[in-house]
Amino acid sequence: MDRRVSENRIAELERELRELKAAQGDDPGHTCVPEGPRRLQRLVDASPMGIHTYRLDGERLIFVGANPAADRILGLDHEPLQGLSIEEAFPGLADSEVPERYRAAARDGVPWQNEELRYEADELTGAFDVYAFQTAPNEVVALFLDVTQQRRDQAALERYRDHLEELVDQLTREYQIAQEELVRHTRLAALGRLTASVAHELRNPLGILQTAFFTLKDGLKRADADRVNRTIAIAERTIGRVDRIIDELLDFTRHRTPTLDRVDLDAWLGRLMDEQEPPAGVTLDRALRSGATVELDRTQMRSAVTNLLQNALQAVSDPDDEVAVKRVTLASRALDDGVEIRVADTGPGIPAEMHERIFEPLFSTKSFGVGLGLPIVQQVMESHDGRLTLHSVRNQ
């Protein structure tokens, strides 16, 4: 039975019992209105709730009787218990608060409602909603409803809920394992792409070196000093290219914790700018106005800023793009929550459809390089609690 339905039924039954009890009190001899007592008895006998009635004699609470539902619910014959005190009739209640609560209801008219639970070996054997109220001075009626099955169902639902939670935890763990496996396969796939990219990038300069050494040997035989010097210069540039590829691979794969030093940011960026050698026709501008002293890893941040500057210089120097004004600008400014370092160029920009992939490892818009430059810069910025963003407008 629904809890609200039972509470409504209890309230209704309480009202009827009080009214019938009052009617009985108005005609104690029952000579004129015999229907009142009979109606009261029919109401008690027909109730699906168990009913106990008591009479208070001094401090002794006497058990008066019970209805058939009480016999059925409790599984006993109440008739032999009539006339006994509550403690004698129901020894299991003697050490509980029930007798005193019933006395207070009979004596003072204080109603009492409670749920009684019975257990044997940690197993619920009975559950009852109990409501006691005064029907006349020194008389009390206790209504009780067997809700054992409801409580068992509720306990079963709670166990099922716990089982579902365990199942969700298990599925979550399995999902995490599957996700880790997917990441592992993704890394293996990335490693395969990286291997192919590096093999391609290294094969080209090694071929150039091979040609250079052949030319060098030939130049030495002919004693052609100019040709030898040009060939050595080509070899040196090619070795430098291989060295940069190796540096990028090492920088990307090792996540080194920054070693922080306090530096005057604008002065440090200015010195870094002085080290750059722009191609012919390219202007290097600076707008260093942060006025900030910051903590950074000089080596990591040098690599990141230099990477961005080199990308910018390459963007304005590409012979396939017609750039009217070839300019690269390094700027800094203070923000509310930190400082901003900005590298801008007047190159052709990056197509919008590539913006989503520009920070992916191994992705490159250039015909050379392994595509790790910007991912390395992003790693450096994140290790400094910063971020790397892209803003691309044609020739700006």
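Each chain carries its own residue numbering, running from 1 in the direction its sequence is written. The predicted origin of the model limits local features to residues at a pLDDT of at least 70 and limits the giving and counting of side-chain atom pairs to 80 or more, whereas totals for whole chains, interfaces and linings rest on all residues. The side-chain values count all of the structure's non-hydrogen atoms but skip hydrogen atoms and water molecules.

## Observations concerning the packing of aromatic side chains
Counted only if it meets this: Only rings of Phe, Tyr and Trp enter the pairing, Trp through its six-membered ring, and a pair is recorded when the two centres are within 6.5 Å. The plane angle decides the type: under 30 degrees is stacked, over 60 is edge-to-face, the rest tilted. Secondary structure elements follow DSSP: runs of H or I of four or more residues count as helices, runs of E of two or more count as strands, with numbering from the N terminus. When a residue's accessible area, from a 1.4 Å probe over protein chains only, is under 20% of the maximum for its type it is buried; when over 50% it is exposed; and in between it is partly exposed.
For the structure shown, the criterion picks out five aromatic pairs. Pairing tyrosine 54 with tyrosine 102 gives two aromatic rings, centres 5.4 Å apart and planes at 50 degrees, and the pair type is tilted. Taken together, the positions of tyrosine 54 in strand 1 (residues 50–57) and tyrosine 102 in helix 5 (residues 98–108) put the pair 48 residues apart, joining distant regions of the chain. Each member of the pair, tyrosine 54 as well as tyrosine 102, carries the same accessibility label: buried.

## So, helix 9 (residues 298–317)
Applied cut-off: In this scheme, a helix's expected span is set at 1.5 Å multiplied by one less than its residue total.
Over its 20 residues, helix 9 extends 28 Å from the first C-alpha to the last, a length consistent with the 28 Å expected when each residue adds 1.5 Å. Taken together, the buried positions of helix 9 are Gln300, Met301, Ala304, Val305, Asn307, Leu309, Ala312, Leu313 and Val316.

## Digging into the pairing of strand 1
Which entries qualify depends on this criterion: By the convention used here, strands pair only if DSSP detects at least 2 bridges between them.
As judged from the six bridges shared by strand 1 and strand 5 (residues 139–146), these two strands associate in the antiparallel manner. Paired with isoleucine 51 across the strands is leucine 143, a residue of strand 5. As paired strands, strand 1 and strand 2 (residues 60–66) are joined by six bridges and run antiparallel to one another. The residue bridging threonine 53 from the neighbouring strand is glycine 65, located in strand 2.

## Comments concerning the confidence of the model for the protein
Quick note on the threshold: Values of pLDDT, the confidence the predictor places in each residue, fall between 0 and 100. Note on definitions: a residue-residue contact is assigned when non-hydrogen atoms from the two residues lie within 4.5 Å.
Summarising the model, the protein shows a mean pLDDT of 77, and 67% of its residues fall at 70 or more. Per-element confidence in the protein ranges from a low mean pLDDT of 55 for helix 1 (residues 3–26) to a high of 94 for strand 6 (residues 261–264). This model gives residues 1–5 a pLDDT under 50, and the stretch forms five contacts once residues within four places in sequence are excluded.

## A closer look at the packing of helix 8 (residues 265–274) against helix 9
Note the threshold: Each axis is a line fitted through C-alpha atoms, and for a helix only the stretch in contact is used; angles between axes span 0 to 180 degrees, taken between their N-to-C directions. Here the angle decides the label: under 35 degrees means roughly parallel, over 145 means roughly antiparallel, 65 to 115 means roughly perpendicular, and every other value means oblique. Two helices that cross are described as forming a left-handed crossing if the nearer one is turned anticlockwise from the farther one by less than a right angle, and a right-handed crossing if clockwise.
Taken N-terminus to C-terminus, the directions of helix 8 and helix 9 make an angle of 55 degrees; their axes are 11 Å apart at the nearest point. One element, helix 8, and the other, helix 9, form an angle in the oblique class. Once helix 8 is placed against helix 9, the crossing between them reads as right-handed. For the pair formed by helix 8 and helix 9, the contact residues are Trp268, Leu269, Leu272 and Met273 on the first element and Arg298, Met301, Arg302, Val305, Thr306 and Leu309 on the second.

## Comments concerning the nonpolar core
Keep this limit in mind: In these notes, a set of buried Ala, Val, Leu, Ile, Met, Phe, Trp, Tyr and Cys residues joined through side-chain atoms within 4.5 Å is what counts as a nonpolar core.
Counting residues in hydrophobic clusters, the biggest one holds 24 residues, and the most contacted among them are Trp268, Leu296, Met301, Val305 and Val328. Within the residue set of this core, elements represented by two or more residues are helix 8, strand 8 (293–296), helix 9, strand 9 (327–335) and helix 10 (373–383). Contacts of leucine 296, omitting those with residues within four sequence positions, involve Thr259, Leu260, Asp261, Val263, Leu265, Trp268, Met301 and His384.

## With respect to the environment of leucine 61
For leucine 61, the position within the fold is in strand 2. Classification of leucine 61 by relative accessible area gives buried; the value is 0%. Setting aside anything within four residues of it in sequence, one finds leucine 61 in contact with Tyr54, Arg55, Leu56, Leu84, Ser85, Ile86, Pro99, Tyr102, Arg103 and Val140.

## Quick word on the pattern of salt bridges
The condition that has to hold: Every case where a carboxyl oxygen of Asp or Glu lies within 4 Å of a side-chain nitrogen of Lys or Arg is listed as a salt bridge.
Summed over the entire model, instances satisfying the criterion amount to 13 salt bridges. Taking the shortest distance from any N to any O, the salt bridge between arginine 103 and glutamate 87 comes out at 2.8 Å. Taken together, the residues arginine 103 in helix 5 and glutamate 87 in helix 4 (residues 86–89) connect sequence positions 16 residues apart. For arginine 103, a relative accessible area of 10% corresponds to the buried category. Note that arginine 286 and aspartate 274 form a salt bridge whose closest N and O atoms lie 2.9 Å from each other. One end of the pair, arginine 286, is in strand 7 (residues 283–288); the other, aspartate 274, is in helix 8, with twelve residues separating them in the sequence. On the accessibility criterion, arginine 286 (42% relative accessible area) is partly exposed.

## Quick word on unusual backbone geometry
Here the phi dihedral of asparagine 138 falls at roughly 65 degrees; this positive angle occurs in a residue that is not glycine. Position of asparagine 138 among the secondary structure elements: in the loop between strand 4 (123–136) and strand 5. The backbone of aspartate 385 sits at a positive phi, close to 60 degrees, despite the residue not being glycine. Here aspartate 385 shows up in the segment after helix 10.

## Side note on the side chain of threonine 346
Note the threshold: N or O atoms closer than or at 3.5 Å make up a polar contact, with two conditions inside protein: a donor-capable atom paired with an acceptor-capable one, and, for residues adjacent in sequence, both atoms drawn from side chains.
Within the fold, threonine 346 resides in the loop between strand 10 (338–345) and helix 10. Within polar-contact distance, the side chain of threonine 346 engages the backbone oxygen of valine 325 at 2.3 Å. Reaching out from threonine 346, the side chain makes a polar contact with the backbone nitrogen of arginine 327 at a distance of 3.0 Å.

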